[in-house]
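Given next are the chains, with one letter for each unit.
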Amino acid sequence: MAADDILFEFLHMEMVSHIYTEQATREDLEKERVTCVSVLEGMGFRVGQGLIERFTKDCPTFKDDLDVMKFLCKDFWNGIFRKQIDNLRTNHQGTYVLQDNKFALLTQVSCRKQQLEESSKYLAYTCGLIRGALSNLGLESVVTAEVSLMPSCKFQVVIQKP
Amino acid sequence: MSRQSNRTTDNKKMNSELFTLTYGALVTQLCKDYENDEEVNKQLDKMGYNIGVRLIEDFLARSSVGRCHDFRETADVIAKVAFKMYLGITPSVTNWSPAGDEFSLILESNPLVDFVELPDNHNTLIYSNLLCGVLRGALEMVQMAVDVRFVQDTLRGDNVTEIRMKFIKRIEENLPAGDE
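This is a predicted model, so every value here is computed, not measured.

1. Digging into the overall build of chain B
Looking only at helices and strands, chain B has four helices and four strands in total. For chain B, the α and β elements follow one another from N to C terminus as α-α-α-β-β-α-β-β. Burial analysis of chain B (180 residues in total) assigns 47% to the buried set. For chain B, the proportion of contacts with a sequence separation of at least 24, taken over those separated by at least 6, is 57%. Of the side-chain charges in chain B, 20 are positive and 28 negative, and the distance between the mean point of each set is 5 Å.

2. Let's talk about the side chain of Glu102 of chain B
Locating Glu102 of chain B in the fold gives a position in strand β2 (residues 102-107). Aside from chain neighbours lying at most four places away, what touches Glu102 of chain B is Phe71, Asn95, Trp96, Ser97, Arg149, Arg164, Met165 and Lys166 of chain B.

3. Describing the environment of Lys74 of chain A
The residue Lys74 of chain A is located in helix α3 (residues 65-81) in this model. C-alpha of Lys74 of chain A to C-alpha of Cys36 of chain A: the two residues are 38 residues apart in sequence and 29 Å apart in space.

4. Brief notes about unusual backbone geometry
With an omega of -10 degrees, the peptide bond between Met150 of chain A and Pro151 of chain A qualifies as cis. With respect to the helices and strands, Pro151 of chain A occurs in the loop between β3 (141-147) and β4 (153-159). Located in the positive-phi region is Asn95 of chain B, a residue other than glycine, with phi close to 50 degrees. Turning to its location among the elements, Asn95 of chain B is positioned in the loop between β1 (92-94) and β2. Taking the relative accessible area as the measure of exposure, Asn95 of chain B reaches 44% and is therefore partly exposed. Even without glycine at this site, Gln143 of chain B takes up a positive phi of about 60 degrees. Within the secondary structure, Gln143 of chain B sits in the loop between α4 (130-140) and β3 (144-152). Looking at Gln143 of chain B, the relative accessible area reads 22%, which means it is partly exposed.

The rules behind each value
- Residues numbered from 1 in each chain as written.
- Chains lettered and ligands numbered in written order.
- Predicted model: local features only at pLDDT ≥ 70, side-chain atom pairs only at ≥ 80, totals over all residues.
- Heavy atoms only, no water.
- Helix = DSSP H or I, 4+ residues; strand = E, 2+ residues; numbered from the N terminus.
- Buried < 20%, exposed > 50% of the residue type's maximum accessible area, 1.4 Å probe, protein only.
- Contact = heavy atoms within 4.5 Å.
- Lys, Arg positive; Asp, Glu negative; His and termini not counted.
- Charge placed at Lys NZ, Arg CZ, Asp CG, Glu CD.

Have a look at this one:
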């Protein structure tokens with residue numbers, strides 16, 4: 001793992017922990033969980049937009065949605081996490097499942113049961129990155145993530161038809 | 001048409017852009033969360049500190065530098081090894097105080113501010129204050145208490161970015177009584 005990846009991982013952890021402590025002092029618990037995820041997701045969204053814009057500026061146009069998704073799984077993922085998505089599945093009706101068997105932002109998190117439930121907070125930012133990237137490529141989507149076994153995780157992308 | 005271009009060179013850049021943009025998003029969020037710039041500066045420093053205390057371990061493992069004999073050596077390691085490793089820049093070490101306990105790091109470029117412009121209503125925001133926290137936290141873990149602050153910043157119209165570091169004291173390790 002390269003040195004600057006570590007820096008990003010630590011920054012990401014601090015960011016997550018800040019958002020959670022900050023919100024906890026303001027709102028009641030149930031609401032809090034929802035807002036934290038959406039704040040992180042929103043930050044990711046904006047950054048995803050910026051990244052994809054710079055990253056695709058010399059690219060030829062994509063021929064269809066699947067082409068966009070493949071680009072995201074290979075080039076985009078490789079660019080930000082230095083590995084590709086391990087498995088991409090689709091029902092050919094706008095739903096895509098991206099599986100990363102060793103997701104960078106989870107490798108530093110321990111894998112106790114309780115952690116598994118809390119892992120959504122380490123995925124929200126990345127969900128935003130994906131949604132932001134897709135959005136700037138002209139695809140509106142809903143992105144969710146789940147962890148079944150640390151440190152692998154699945155991102156589900158549902159493209160919203162206009 | 002298949003998309004094959006010079007990706008390998010891009011990756012490096014992309015990764016650092018992810019860091020830069022993420023940092024930007026974080027500072028923006030902090031500005032929303034806190035009422036004034038001082039609070040934001042404080043929070044950035046605190047987050048940096050938390051990163052620093054963990055980063056030092058990674059640094060020592062990666063760099064395999066040995067113990068520094070004086071503060072001058074520490075300064076060199078910070079500028080030439082640590083900054084180079086994590087941010088890809090090599091600041092110059094200058095403006096030593098006569099006593100040799102204080103120096104400046106001059107950053108010709110600062111990757112954290114690559115896409116940044118400060119809005120007018122944030123003129124006391126120290127945008128890159130995270131760096132101060134990181135340095136303070138990391139050095140504390142190697143028994144050095146230091147004072148770190150920004151004295152010049154290109155974001156606020158200065159020609160260079162200058163971080164001033166002052167050695168305060170060596171932290172003695174307090175072993176619990178009876179623990180040899």
